[in-house]
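Overview (structure and organization)
Here is what each chain is made of, one letter per residue.
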Amino acid sequence: MRLMKKVAIITGSGRGIGREIAILFASEGARIVIADVNAENARRAAADITGTGGEAYGLEVDITDPAQVESLMQQTLNKCGRLDILVNNAGVGLNKPFLDTSLEEWERVVRINLTGTFLCAQSAAREMVRRGSGKIINVASISGQRGGQGRAAYGAAKAGVILLTQVMAVELAPKGISVNAIAPGPVDTDQSRETHTEATRHAYHERLPIKRYGELREIANAALFLASDESSFIAGHVLNVDGGFRAAGLMFDADDELPRRDQSSEPLRLASNAAPPAGKRRIP
Ligand SMILES: NC(=O)c1ccc[n+]([C@@H]2O[C@H](COP(=O)([O-])OP(=O)(O)OC[C@H]3O[C@@H](n4cnc5c(N)ncnc54)[C@H](O)[C@@H]3O)[C@@H](O)[C@H]2O)c1
């Protein structure tokens, strides 16, 4: 048991990746606080864990509301007496071209993905600093590391999560708190079902070096590693769990012909907005 008696808050764990992290942590002995804006899902996820002999509390929390975040910390301390681990997993996606993104959409995506992470991390870290130990894991995305189409708000917010992770890691490591991030590639969840078009889905299956979507447990395993003592010398790291997406760079197969600089007056186009070869799709 790698997290025996550790107290872990996992935001957005009423469903999807967060729920899987909660179930895995509980199976490793952790006492779990499920914090989700969807009260029914939070209650159900907690019941699933207690039903198999684990300890879990489902709380309705909107992570963008500072008062609710403070109440989350207080309730955690009241119920469990301490806080060892925070996983900032709650997030929302958006697939919208830059020119069409409204201010309202921008603010909602940045507020939930980035500001919510800041609020929860700051509140948790203040408590962890008092005890001189703790682990914080932020869930970012490969979308925060490259300029994919349709990811103006989401990608910018996740890039912010990555930078925030690194600043927190530098400031908090001397106080005994380790802060790292996970950047998942595509994972089949309600969120990706809403934001990935058919073309995106097809391209991921065809183009990822590991030719499939990631599974919930594969992301949860990375979170477990970063939450456990096994990652004791790791700080400010962004762990890509992405089927090789980042390593692959431009998503062309080895047998694709690259445009050549030859007699034609066309300049060589290798930028990410270069048109893919005929019959090949680019990942939006
Ligand atoms: N699914 C993917 O392909 C993928 C890829 C990269 C990164 N991610 C990231 O992983 C995390 C989990 O994604 P998922 O696919 O499981 O999504 P999901 O939509 O299935 O789950 C997200 C959860 O967050 C909760 N939530 C949303 N707003 C909230 C708020 N204001 N306060 C509290 N809870 C809130 C939702 O109720 C939901 O339970 C997100 O941060 C997401 O951006 C997902």
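Counting restarts for each chain: residues are numbered from 1 in the order of the written sequence. The predicted nature of this model means local features are confined to residues of pLDDT at least 70 and side-chain atom pairs, given and counted, to a pLDDT of 80 or more, with totals for whole chains, interfaces and linings taken over all residues. Where side-chain values are given, they derive from all heavy atoms of the structure, hydrogens and water being excluded.

**Details of the side chain of Ser228**
Our working definition: A run of H or I in DSSP becomes a helix once it reaches four residues, and a run of E becomes a strand once it reaches two; helices and strands are each numbered from the N terminus. Note on definitions: a residue-residue contact is assigned when non-hydrogen atoms from the two residues lie within 4.5 Å.
Tracing the chain through its elements places Ser228 in the loop between α8 (216-227) and β7 (238-241). Residues within four places of Ser228 in sequence aside, it is in contact with Arg2, Leu3 and Lys135.

**Examining the confidence of the model for the protein chain**
For the record, the criterion: Per-residue confidence from the prediction method is given by pLDDT, with values spanning 0 to 100.
Confidence in the prediction of the protein chain, expressed as mean pLDDT, is 91, and 88% of residues score 70 or more. Within the model, the stretch residues 263-282 combines pLDDT values under 50 with 27 contacts to residues more than four positions away or in other chains.

**Digging into unusual backbone geometry**
Convention followed: The buried label applies to any residue whose accessible area, calculated with a 1.4 Å probe on protein chains only, is under 20% of its type's maximum; exposed applies above 50%, and partly exposed to all values in between.
With phi around 65°, Lys5 is a residue other than glycine that occupies positive phi space. You can see Lys5 is positioned in the segment before β1 (7-11). Take Lys5: its relative accessible area is 56%, and that puts it in the exposed class.

**Comments concerning the site of the ligand**
Stated formally: For this purpose, a residue is taken to be near a molecule or strand whenever a single non-hydrogen atom of the residue falls within 4 Å of it. Within 3.5 Å is the distance limit for a polar contact, defined as a pair of N or O atoms, with the added protein rule that one can donate a hydrogen and the other accept it, and that residues adjacent in sequence qualify only through two side-chain atoms. To be clear on the numbers: accessible area is Shrake-Rupley with a 1.4 Å probe, and residue cover counts the displayed protein chains and nothing else.
Neighbouring residues of the ligand: 25 residues in total, closest Arg15, Asp36, Asn89, Tyr154 and Thr189. Measuring from a nitrogen atom of the ligand, one finds a backbone N or O atom of Ile63 at 3.0 Å. Within the backbone of Val187, a nitrogen or oxygen atom sits 2.8 Å from an oxygen atom of the ligand. Protein chains shield 94% of the accessible area of the ligand, which is 830 Å² for the free molecule. For the shell around the ligand, the secondary-structure elements that each account for two or more residues are α1 (16-27), α5 (152-172) and α6 (190-195).

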